[in-house]
Amino acid sequence: MNHQGIYRSLHTAAEIEGPIPTNAGSVPFCAMQNSRRPVSLEAYGYVEEEFFVSGLANVYVEGQAGLETVHEAVPYRTRLLVRRPKDASRFSGRVYFDILNATQNYDIEDLWHRIYIWCMEQGHGYVGITSKPVNAQSLKQYNYARYHSLDWSSPEPVPQPAPCIEGEIPGTEEGLIWDMIAQTATALRSGTLFGGRPVDYLCLTGQSQSGFYLNTFVAHFESYMKDAQGRSLFDGYLNVVGVPFERELRQGISPYRFSLKPRRRLTSSVPLVMVSSEGDIALFSGRMAGVLAELPEDSDVPGNLCRYYEVAGAPHTDIDCGILSSDAEILRAGRTPLPMDPALRSQINDFPLAEYICGFLEKMYIWRTAGVAPAVSPRFKRDETGALCRDAHGNVRGGFRSPYVDLPVARYQGSGDIPSGDIGGCRTELAEDGEVVERRISRLEAGLRAQREAGWLVQGAVERMLAAERARHLRSCGGGEDAPGQRAH
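Calculation notes
Residues numbered from 1 in each chain as written. Predicted model: local features only at pLDDT ≥ 70, side-chain atom pairs only at ≥ 80, totals over all residues. Heavy atoms only, no water. Phe/Tyr/Trp six-rings, centres within 6.5 Å; stacked < 30°, edge-to-face > 60°. Helix = DSSP H or I, 4+ residues; strand = E, 2+ residues; numbered from the N terminus. Buried < 20%, exposed > 50% of the residue type's maximum accessible area, 1.4 Å probe, protein only. Lys NZ or Arg CZ within 6 Å of the ring centre and 35° of its normal. 1 Å grid on protein atoms, 1.4 Å probe; cavity = no way out; pocket = protein on both sides within 12 Å on 5 of 7 lines; lining within 4 Å. Points joined across faces, edges and corners; volume = space filled by probe spheres on them. Nonpolar A, V, L, I, M, F, W, Y, C, P; charged D, E, K, R; others polar. Pairing = 2+ DSSP bridges. Axes fitted to C-alpha atoms, helices over the stretch in contact; angles between N-to-C directions. Parallel < 35°, antiparallel > 145°, perpendicular 65-115°, else oblique. Contact = heavy atoms within 4.5 Å. Polar contact = N/O pair within 3.5 Å; in protein donor to acceptor, adjacent residues only side chain to side chain. Left-handed = near helix turned anticlockwise from the far one by under 90°. Disulfide = S-S within 2.5 Å. Expected span 1.5 Å × (residues − 1). pLDDT = per-residue confidence, 0-100.

**Observations regarding the packing of aromatic side chains**
- On inspection of all chains with the given rule, the structure shows 30 aromatic pairs.
- Where tyrosine 356 meets phenylalanine 400, the ring centres are 5.6 Å apart and the plane angle is 75°; that geometry is what we call edge-to-face. On the criterion of sequence distance, the pair formed by tyrosine 356 in helix H9 (residues 353–370) and phenylalanine 400 in the loop between H9 and helix H10 (403–406) is long-range, its members being 44 residues apart.
- Take tyrosine 356: its relative accessible area is 0%, and that puts it in the buried class.
- One aromatic cluster is present, formed by Tyr60, Phe97, Trp178, Tyr213, Phe217, Phe221, Phe234 and Tyr237 through successive ring pairs.
- Its guanidinium or amino end placed over the ring of tyrosine 142, arginine 332 lies 4.4 Å from that ring's centre, counting from NZ or CZ.

**Looking at the layout of surface pockets**
- Volume-wise, the second largest pocket comes out at about 280 Å³.
- Of the residues in the lining of the second largest pocket, the class split is seven nonpolar, four polar and three charged.

**Details of the pairing of strand S2 (residues 46–63)**
- With 13 of its 18 residues buried, S2 lies for the most part within the structure.
- Between S2 and the antiparallel strand that follows it, strand S3 (residues 66–85), lie two residues.

**Here we look at the packing of helix H5 (residues 177–188) against helix H6 (residues 209–221)**
- As a packed pair, H5 and H6 sit with axes 11 Å apart at the nearest point and diverge in direction by 80°. When the axis of H5 is compared with that of H6, the two are roughly perpendicular. Along the contact surface, H5 presents Ile177, Trp178, Ile181 and Ala182, while H6 presents Tyr213, Thr216, Phe217 and Phe221.
- Of the residues belonging to the contact of H5 with H6, the class tally is seven nonpolar, one polar and no charged.

**What about the pairing of strand S10 (residues 272–277)?**
- A large share of S10 lies buried, amounting to six of its six residues.
- The two faces of S10 match: Leu272, Met274 and Ser276 on one face and Val273, Val275 and Ser277 on the other face are all buried.
- Strand direction decides the pairing type here: strand S7 (residues 236–240) and S10, joined by four bridges, are parallel. Opposite leucine 238, over in S10, you have valine 273 as the bridge partner.
- One ladder, built from six bridges, connects S10 with strand S12 (residues 304–311); its direction is parallel. Across the sheet, leucine 272 pairs through a bridge with cysteine 306, a residue of S12.

**A few points about the environment of aspartate 107**
- Mapped onto the elements, aspartate 107 comes out in the loop between strand S4 (94–99) and helix H2 (112–122).
- Considering only alpha carbons, one finds aspartate 107 and serine 138, 31 residues apart in sequence, at a separation of 8.5 Å.
- When residues no more than four places from it in sequence are discounted, the contact partners of aspartate 107 are Phe29, Cys30, Arg79, Leu100, Asn101, Thr130, Asn135 and Leu139.
- In terms of polar contacts, aspartate 107 uses its side chain to reach the side chain of threonine 130, at 2.6 Å.
- Here the side chain of aspartate 107 touches asparagine 135 through a polar contact of 2.8 Å, side chain to side chain.

**Some remarks on the packing of H2 against H9**
- Their axes nearest at 8 Å, the elements H2 and H9 cross at an angle of 60°. The orientation of H2 relative to H9 falls into the category oblique. Considering only the axes of H2 and H9, their crossing is right-handed. Two secondary-structure elements touch here, H2 through Arg114, Ile115 and Trp118 and H9 through Leu353, Ala354, Ile357, Cys358, Leu361 and Glu362.

**Some points on the state of the cysteines**
- Enumeration according to the criterion identifies zero disulfides in this entry.
- Cysteine 358 forms no disulfide, and the closest cysteine sulfur to it belongs to cysteine 119, at a distance of 8.6 Å.

**Things to note about H5**
- Taking 1.5 Å of rise per residue, twelve residues should cover 16 Å, and H5 covers 16 Å from first to last C-alpha, within 8% of that figure.
- Buried within H5 we find Ile177, Trp178, Asp179, Met180, Ile181, Ala182, Gln183, Thr184, Ala185, Thr186, Ala187 and Leu188.

**Some details on the confidence of the model for the chain**
- In this model, the chain carries a mean pLDDT of 90, and residues with pLDDT of at least 70 account for 91%.
- Low pLDDT (under 50) marks residues 482–489, which in the prediction has 27 contacts with non-local residues, meaning those over four places away or in another chain.

**A few points about the side chain of arginine 189**
- Mapping arginine 189 onto the fold places it in the loop between H5 and strand S6 (201–207).
- The exposure class of arginine 189 is buried, given its relative accessible area of 16%.
- Reaching out from arginine 189, the side chain makes a polar contact with the backbone oxygen of leucine 233 at a distance of 2.8 Å.
- Setting aside residues no more than four positions away along its own chain, arginine 189 makes contact with Val199, Asp200, Tyr201, Leu202, Arg231, Ser232, Leu233, Phe234 and Asp235.

**Notes on the environment of glutamate 355**
- Relative to the assigned elements, glutamate 355 resides in helix H9.
- Between the C-alpha atoms of glutamate 355 and valine 372, which are 17 residues apart in sequence, the distance is 21 Å.

Structure follows, in C-alpha cells:
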C-alpha cells in the first residue's frame, strides 16, 4: 500500500457504539464502583461510560523504505472507557487518550489513577482503549454477555501446532492497534462523546508497556498525523515509565510474539514528554543492554519538540493505589491480582509521582497552546560503571528534583528488597521524633509551594501532598489507617 493508502486508513473515523447499557448485573471492567476504594464520580459531577469501537485496520511491517502494509481492511472491535463531565458546559475541551496497560493481561488504567482528581476538578475528558487481544479475552471472561463481540482476529491461519506463550493468543493480531488508535482519535475529534462539545486538545498517553506502544506509534505514525488542513491529530504525547523500548509493528508468527526492541531516538512535531522513574533504571537494567546510553534528547526545534525527565525517588508504579481494580474484579476476569501485604504498606515507596505527572501534562498544554516550552532537567548522576550516585541519606543525585529528596523527608528507593519492590520501590523513614517530622513537613510545604509557583504542580496538589504526608506520619505513630479515598492518587 502506498503512503496515501496508509494515510487514508489512519484518518478514517472509527465507528463508535454506545454507551453500552449498565445495570446491577453488568458494569464495565475498571468501573470506579469496583475499585479497591470506590470513588463516586457523581460527587465530582462526572459520568463513566463504555463504548465499543470498530472499523477496518491495516497490518503493517517495517520495510526498507518505511511502512509497508501486509494486510488491508482487517475488521476489528475493541472497547473504550470514557469519563467526562455530566454537564457538557464544564468540559474543558481537553481529552487524555490512554493506551490501557496490558502487562498483567487485563486492562490497567495507569494514567487515570495518576490524574483522576485533577482531571475531574478541571473538567477534562479521559478515554482509555483496550490495547491487546489478551485483555479482550479477560474482558470476555469477566462478562461474556457484555464483551463477546470484541474482535482482534488475525487475517492469517493459525499455525499448526499453535504455539502457547503467555500473553499471546494464536489467531489474533496485536498489530491492529495502530489503526485502532488513529481511527479512534479521528472519531474523538468530532466531540460526539463529550456532549457535542469539540475536542480542542487531544493528548495520547502510555505508561510502562503502553509507553512502549506509544514509542512505536510516534516512531512510525507521527509523520502521518496531520490532516488535510495541516492540523495534527494529536496535540501531544506523554510516555510515563516506558521510555526504553518499542514494540514490533505486528504480532510475530514464528515465534508467535509481539516482541520488544530498543527505542530509537524519536522526533515529534507536537510536544513529546517522556518520564522515567528512578525505579525504571533497576527494573529494565537486565534487558536494556546499552539502551540507557540512548537517552531521549531535549529539543525545541520545529518538527522535534521533546522533553525527557528522570524523576528522583519515584518508583515504577504505585502498587497501593486505591482506585485500581479490586482483587475480586481481577479474579472474575480470570487473572491473578498483584500480591499486596498490608503489613508492608509502611515500607512502600509512596513518592507522589502522580502529582508531578499532572504538572507535566499542564506544562505540555502550555507548550502546545502558548508555545512556552518547559524547562530542561538534568539526568541522574551516574558513576563510571553506570550505577546511580546517592547522597548521604541514600537518595539518588541529579534528575528532576523535589523537596521529598532534597530536604529530605525520607529515603526513597525506586526499587527495594521487599515483595513487589521491583515495581513499588521502598521508603525508609529518616526520623521518628514528632517535632523533627513537623519541621520537615513545614519545609516540605515551602518547597512544594515553590514548585507550584513554577508550574510543576497543579492547583490543589500541594494540599493533597501535605495531607498524604501527615496521614503517613499519623499512621506511623499508631493513629490508624487512611479513610477510604483519603490518599490522593
